Amino acid sequence: MSIVLTLLDGVRWCGRPVSGDRSQALLAALAAGGGRAVPVDRLVDAVWGDDVPANTTKALQVLVSRTRSSCGADAVVRDAQGYRLGTTPDQVDALRLADLIRRVRQALAAAEPTAARDAIAEAVALTEPLVPPADTDDGALAELRRTAATRASELTGLLGRALSASGEHAAALPRLTEAFERDPTDEAVLAGLLRSEAAVRGTAAALGRYEQYRAKLRDRLGVDPGADLQRTYQELLSRDRPVRAGCTTTRTR
């Protein structure tokens, strides 16, 4: 489904730039509602902040009318609870991105790496033009873009996991290494990294990385790795045991 409201790369409705900071702020606040109606008082706060107009209801009505004139009569819909966007969440780039990340995670959990890679490709296309806002920027639009930037940074690790699950370990390894260096607490990334490292560099290298992680975790928090990561470790260990047993047998003859 095509994107109707673009927020991550400028603010556009059906490809046409939306002029006016307040119209842009209104659309961003409505998008932040995730498809639900946003109360009037919350919209007023999102658009005007501390510079509250004397007649907030009238000011919001005028802004809604101006935004409809720019984007279309159905762009902003009146609701009993306030206002909502006249489009579905998957037609808003920021919301579409959130849904794609969710679909990627579900596909990886279901061992469907091809579906995960398809969703990742679409997510990358949405985030490639994204420029994160400055720390001093505020408002719904800036927050949506910050969240999108965080999700974009997750894509490297998600793609690495999908490649690893597909058996493309050489391509997966640098992506998983980068993702794990960025977030050394992500055990799902580490599990993929261990499998790909074992395939590319040997099981001993992967087991060594696991032991380092386990030691650091115990020193810092006094706990063991999660169950999924421990299962990955056991898989690698069972793969390594025949090799070690063979070496032992050879030495004793």
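Since this is a predicted model, take the numbers as computed values, not measurements. (Residues numbered from 1 in each chain as written. Predicted model: local features only at pLDDT ≥ 70, side-chain atom pairs only at ≥ 80, totals over all residues. Heavy atoms only, no water.)

Enquirer: Looking at this structure, I do not really get the overall build of the protein chain. What am I missing?
Expert: Counting secondary structure elements, the protein chain contains 10 helices and 5 strands. The C-alpha atoms of the protein chain give a radius of gyration of 24 Å, which is well past the 18 Å a tight globule of 253 residues would have. With respect to the three principal axes, the spread of C-alpha positions in the protein chain is 95 × 35 × 30 Å. Of the contacts formed within the protein chain by residues at least 6 apart in sequence, a portion of 57% connects residues at least 24 apart. Here the protein chain carries 34 positive and 33 negative side-chain charges, and the mean point of each set is 4 Å from the other. (Helix = DSSP H or I, 4+ residues; strand = E, 2+ residues; numbered from the N terminus. Rg over C-alpha atoms; globule rule 2.2 N^0.38 Å. Contact = heavy atoms within 4.5 Å. Lys, Arg positive; Asp, Glu negative; His and termini not counted. Charge placed at Lys NZ, Arg CZ, Asp CG, Glu CD.)

Enquirer: I tried to follow the packing of aromatic side chains on my own but got confused; where do I start?
Expert: For any pair of aromatic rings, geometry is given as the distance between the ring centres together with the angle between the planes. Scanning all chains against the criterion turns up 2 aromatic pairs. The side chain of R78 reaches across the aromatic face of Y83, ending 4.7 Å from its centre. Sitting over the ring of Y233, R214 keeps its end group 5.4 Å from the ring centre. (Phe/Tyr/Trp six-rings, centres within 6.5 Å; stacked < 30°, edge-to-face > 60°. Lys NZ or Arg CZ within 6 Å of the ring centre and 35° of its normal.)

Enquirer: Got a minute to help me understand the layout of surface pockets in this structure?
Expert: Take a probe with the size of a water molecule and roll it over the atoms, and the empty space left behind shows itself. Considering only enclosed or pocket space, the largest pocket measures out at about 400 Å³ in volume. Around the largest pocket sit 17 residues that line it, and L108, R161, A188, A191 and R195 are the ones nearest its centre. Mapped onto the lining of the largest pocket, the elements with two or more residues apiece are helix 4 (93-109), helix 6 (140-165), helix 8 (187-201) and helix 10 (227-252). When the residues that make up the lining of the largest pocket are grouped by side-chain class, the tally is 8 nonpolar, 3 polar and 6 charged. A volume near 270 Å³ is recorded for the second largest pocket. In terms of lining, the second largest pocket is formed by 14 residues, of which the most central are D21, A25, D138, G139 and L141. Sorting the residues of the lining of the second largest pocket by element identifies helix 1 (21-32), helix 2 (40-48) and helix 6 as the ones contributing at least two each. Its residues placed into classes, the lining of the second largest pocket shows 7 nonpolar, 2 polar and 5 charged. (1 Å grid on protein atoms, 1.4 Å probe; cavity = no way out; pocket = protein on both sides within 12 Å on 5 of 7 lines; lining within 4 Å. Points joined across faces, edges and corners; volume = space filled by probe spheres on them. Nonpolar A, V, L, I, M, F, W, Y, C, P; charged D, E, K, R; others polar.)

Enquirer: Help me out: how do you make sense of the nonpolar core in this one?
Expert: A general trend in soluble globular proteins is that nonpolar side chains are found buried together. In this structure, L5, W13 and L27 are the most contacted members of the largest nonpolar core, which totals 48 residues. Among the elements of the structure, helix 1, helix 2, helix 3 (56-71), strand 5 (82-85), helix 4, helix 5 (113-127) and helix 6 are those that each provide at least two residues to this core. The dominant element in this core, judged by the number of residues it contributes, is helix 4, at 8 residues. If we skip the residues at most four places from it in the chain, L27 touches L5, V11, W13, V18, T67, C71, V76 and L85. Counting 21 residues, the second-largest nonpolar core is a separate cluster that includes L173, V189, A191 and L237. (Core = buried A, V, L, I, M, F, W, Y, C linked by side-chain atoms within 4.5 Å. Buried < 20%, exposed > 50% of the residue type's maximum accessible area, 1.4 Å probe, protein only.)

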